[in-house]
Amino acid sequence: MRVVGVVAAAGAVGWHVVPAGLWLPGVRAALWPALDGRGDPGRVALTFDDGPDPDTTPLFLRALDRLSVRATFFVLGERLERAPGLGRRIAAEGHELAVHGWRHDPPWVPRPVRDVREVARAAALVEAVAGRRPLWYRPPYGVLTGGRWAAARAAGLRPVLWSAWGRDWTADASQVSVRAEVARGLRGGATVLLHDSDAMCVPGSWRAALGALPGIVAECRARGLAVGRLADHGVGRSE
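A brief look at the structure comes next.

Rules of the game
Residues numbered from 1 in each chain as written. Predicted model: local features only at pLDDT ≥ 70, side-chain atom pairs only at ≥ 80, totals over all residues. Heavy atoms only, no water. Helix = DSSP H or I, 4+ residues; strand = E, 2+ residues; numbered from the N terminus. Areas by Shrake-Rupley, 256 points an atom, 1.4 Å probe, with all protein chains shown as cover. Buried < 20%, exposed > 50% of the residue type's maximum accessible area, 1.4 Å probe, protein only. Pairing = 2+ DSSP bridges. Right-handed = clockwise from strand over helix to strand, strands pointing away. Core = buried A, V, L, I, M, F, W, Y, C linked by side-chain atoms within 4.5 Å. Contact = heavy atoms within 4.5 Å. Salt bridge = Lys/Arg side-chain N within 4 Å of Asp/Glu carboxyl O. Lys, Arg positive; Asp, Glu negative; His and termini not counted. Polar contact = N/O pair within 3.5 Å; in protein donor to acceptor, adjacent residues only side chain to side chain.

Looking only at helices and strands, one finds nine helices and eight strands in the chain. For the chain, the computed accessible surface area is about 10700 Å², with 58% contributed by carbon and sulfur atoms.

Here it is in structure tokens:
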């Protein structure tokens, strides 16, 4: 019986941890391109995490409007609950709301029941605010555990991470470093990850992403790539 218990425990740990290995860009690019955010080779999907933030998200909305770009905002339910008007503005301006979870909790302790409940709660709130059911789920920290994967499936959401990021959450991030970091992973079909809030990042780090945004869009357009929402990106159509 002890052996059976050990095997069962090992299986539970494996179910929780093994999918998290897809956090590694090379692994997911090879094994699951759609999770990597690979889409139409003539496009780039622009995404933002950790909002909405009444202090910073409006600045990103104004910048995107000036650039004539629509993006996907992966929002946290607890933050959207505090700023539903801002969520409605994001949707009204043609952007897409997606689910980043209810809270930005670390993934290391398995909580499958809570994962299902909180992802469903966040998805329902996004639908109520935006007037349409969200399509996408990006787990906090980009770690897709077994519980989070099951929660996304139960809520009818498709998990998607990224194929290029700006590392804009760090203390030494600048608009130059963010643009350079994005450029390293930028290619046709990429999904770019930035942050419109410093709620889970180094205070003030949002300035680096905001400052880099015009240059990132200009770089995409110079390569002949359209920039837009995940909904328009064709993720997984070739699978």
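As a further point, take the pairing of strand β2 (residues 72-75). Alternating positions in β2 separate into two faces, Thr 72 and Phe 74 on one and Phe 73 and Val 75 on the other, with burial throughout. Where strand β1 (residues 43-51) lies against β2, four bridges are found, and the strand directions are parallel. Among the inter-strand pairings, Asp 49 is bridged to a residue of β2, identified as Phe 74. Handedness of the crossover joining β1 and β2 through helix α3 (residues 57-67): right-handed.

The biggest cluster of nonpolar side chains holds 54 residues, and the ones touching the most others in it are Leu 46, Phe 48, Phe 73, Leu 194 and Leu 213. Excluding its chain neighbours within four sequence positions, the residues that come into contact with Leu 46 are Leu 64, Val 69, Ala 71, Thr 72, Val 192, Leu 194, Leu 213, Val 227 and Gly 228.

Moving on to the pattern of salt bridges. Per the stated rule, a full pass over the model turns up 15 salt bridges. In this structure, Arg 121 and Glu 81 form a salt bridge, with 3.7 Å as the shortest nitrogen-oxygen distance. You can see Arg 121 sitting in helix α6 (residues 112-130) and its partner Glu 81 sitting in helix α4 (residues 77-82), a full 40 residues away along the chain. A salt bridge links Arg 103 to Glu 118; its shortest N-O distance comes to 2.6 Å. Within this pair, whereas Arg 103 is found in the loop between β3 (96-99) and α6, its partner Glu 118 is found in helix α6, the two being separated by 15 residues in sequence. Put simply, Glu 78, Arg 103, Asp 105, Arg 114 and Glu 118 are held in one network by salt bridges that share partners.

Along helix α7 (residues 146-154), the positions that sit buried rather than exposed are Gly 146, Gly 147, Arg 148, Ala 151 and Ala 152. With its phi angle positive at about 75 degrees, Gly 156 sits one or two positions after the end of α7.

Moving on, we come to the side chain of Asp 196. Within the secondary structure layout, Asp 196 lies in the loop between β7 (191-195) and α9 (206-222). Despite its burial, Asp 196 remains without a salt bridge, the nearest opposite charge being carried by Arg 79 at 7.6 Å. In this structure the side chain of Asp 196 is engaged in a polar contact, spanning 2.6 Å, whose partner is the side chain of Thr 57. With residues up to four places along the chain from it excluded, the contact list for Asp 196 reads Phe 48, Asp 49, Asp 50, Gly 51, Pro 52, Asp 53, Thr 56, Thr 57, Phe 60 and Phe 73.

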